[in-house]
Amino acid sequence: MKAAKTRPPSFRAVADAGLLDVIRQVHADNYGVYGVRKMHTELNPRGHRIAMCIVHRLMRGDGLRGIRGLLHELVTDAPIGQEFPGWLRSVRLAGRGDRS
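Figured I'd write up the structure that's included with this text. Please read all numbers here as calculations on a predicted model, not as lab measurements. (Residues numbered from 1 in each chain as written. Predicted model: local features only at pLDDT ≥ 70, side-chain atom pairs only at ≥ 80, totals over all residues. Heavy atoms only, no water.)

### Section: the nonpolar core
Then step 1. Counting 13 residues, the largest nonpolar core has Ile23, Met39, Leu43, Val55 and Met59 as its most contacted members.
Then step 2. Mapped by element, the contributors of at least two residues to this core are α2 (11-29), α3 (36-43) and α4 (52-62).
Then step 3. With near-sequence residues (within four places) excluded, Met59 lies in contact with Ile23, His27, Tyr34, Gly35, Val36, Met39 and Leu64. (Core = buried A, V, L, I, M, F, W, Y, C linked by side-chain atoms within 4.5 Å. Buried < 20%, exposed > 50% of the residue type's maximum accessible area, 1.4 Å probe, protein only. Helix = DSSP H or I, 4+ residues; strand = E, 2+ residues; numbered from the N terminus. Contact = heavy atoms within 4.5 Å.)

Right, here's the structure in full:
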């Protein structure tokens, strides 16, 4: 038990921490809509050659999700009158009924 506490982090743990920072940044840069497939497609040209299953594991572990299709409404707690990106056509403000 003592060896597990004193041993340095594994190669996988160190690599995952670095990749997770990149994934969080790319996810935030794209308004949080990228899922696993788009994230994997975005990371490869940036020089991060990783398998899709690793992207899936890291995103799931950190609670990152994409939005399924842009035809669905995005529910947000943003104040009324806040500007949204041009591609976002339908916004329903949470807790405000049908007003937008």
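### Side note on α4
Then step 1. By the burial criterion, the buried members of α4 are Val55, Leu58 and Met59. For α4, the angular spread of the buried residues around the axis is 95 degrees, confining them to a single face. Set apart from the buried face of α4 by more than 90 degrees, the exposed residues are Cys53, Arg60 and Gly61.
Then step 2. Those residues of α4 that are buried lie in contact with α2 and α3.
Then step 3. Of the residues one or two after α4, Gly63 is the one with positive phi, at around 80 degrees. (Arc of directions from axis to C-beta.)

### Side note on the packing of α3 against α4
Then step 1. Two elements in contact, α3 and α4, have axes separated by 9 Å at closest approach and are oriented at 120 degrees. Here α3 lies oblique to α4, going by the angle between them. Crossing of α3 against α4: the hand is right-handed. Contacts between α3 and α4 involve Val36, Arg37, Met39, His40 and Leu43 from the first element and Met52, Val55, His56 and Met59 from the second.
Then step 2. Residue classes in the contact of α3 with α4 are distributed as six nonpolar, two polar and one charged. (Axes fitted to C-alpha atoms, helices over the stretch in contact; angles between N-to-C directions. Parallel < 35°, antiparallel > 145°, perpendicular 65-115°, else oblique. Left-handed = near helix turned anticlockwise from the far one by under 90°. Nonpolar A, V, L, I, M, F, W, Y, C, P; charged D, E, K, R; others polar.)

### Details of the pattern of salt bridges
Then step 1. Under the definition given, this model contains five salt bridges.
Then step 2. In this structure, Asp62 engages Arg24 in a salt bridge whose closest nitrogen and oxygen atoms are separated by 2.9 Å. In this pair, Asp62 sits in helix α4 while Arg24 sits in helix α2, placing the two residues 38 residues apart along the sequence.
Then step 3. By relative accessible area, which is 29% here, Asp62 ends up partly exposed.
Then step 4. For Arg24, a relative accessible area of 37% corresponds to the partly exposed category.
Then step 5. Shared partners join several salt bridges into a network, and the residues in it are Arg12, Asp16 and Arg57. (Salt bridge = Lys/Arg side-chain N within 4 Å of Asp/Glu carboxyl O.)

### A word on unusual backbone geometry
Then step 1. Of note, the phi angle at Tyr31 is positive, near 60 degrees, even though the residue is not glycine.
Then step 2. Along the chain, the position of Tyr31 falls in the loop between α2 and α3.

### Topic: the environment of Glu42
Then step 1. Structurally, Glu42 is set in helix α3.
Then step 2. By relative accessible area, Glu42 is classed as partly exposed at 23%.
Then step 3. On a C-alpha basis, the gap between Glu42 and Ile23 in space is 9.6 Å, while along the polypeptide they are 19 residues apart.
Then step 4. Residue contacts for Glu42: discarding those within four places in its chain leaves Val26 and Tyr34.
Then step 5. A polar side-chain atom of Glu42 sits 3.0 Å from a polar atom in the side chain of Arg46. (Polar contact = N/O pair within 3.5 Å; in protein donor to acceptor, adjacent residues only side chain to side chain.)

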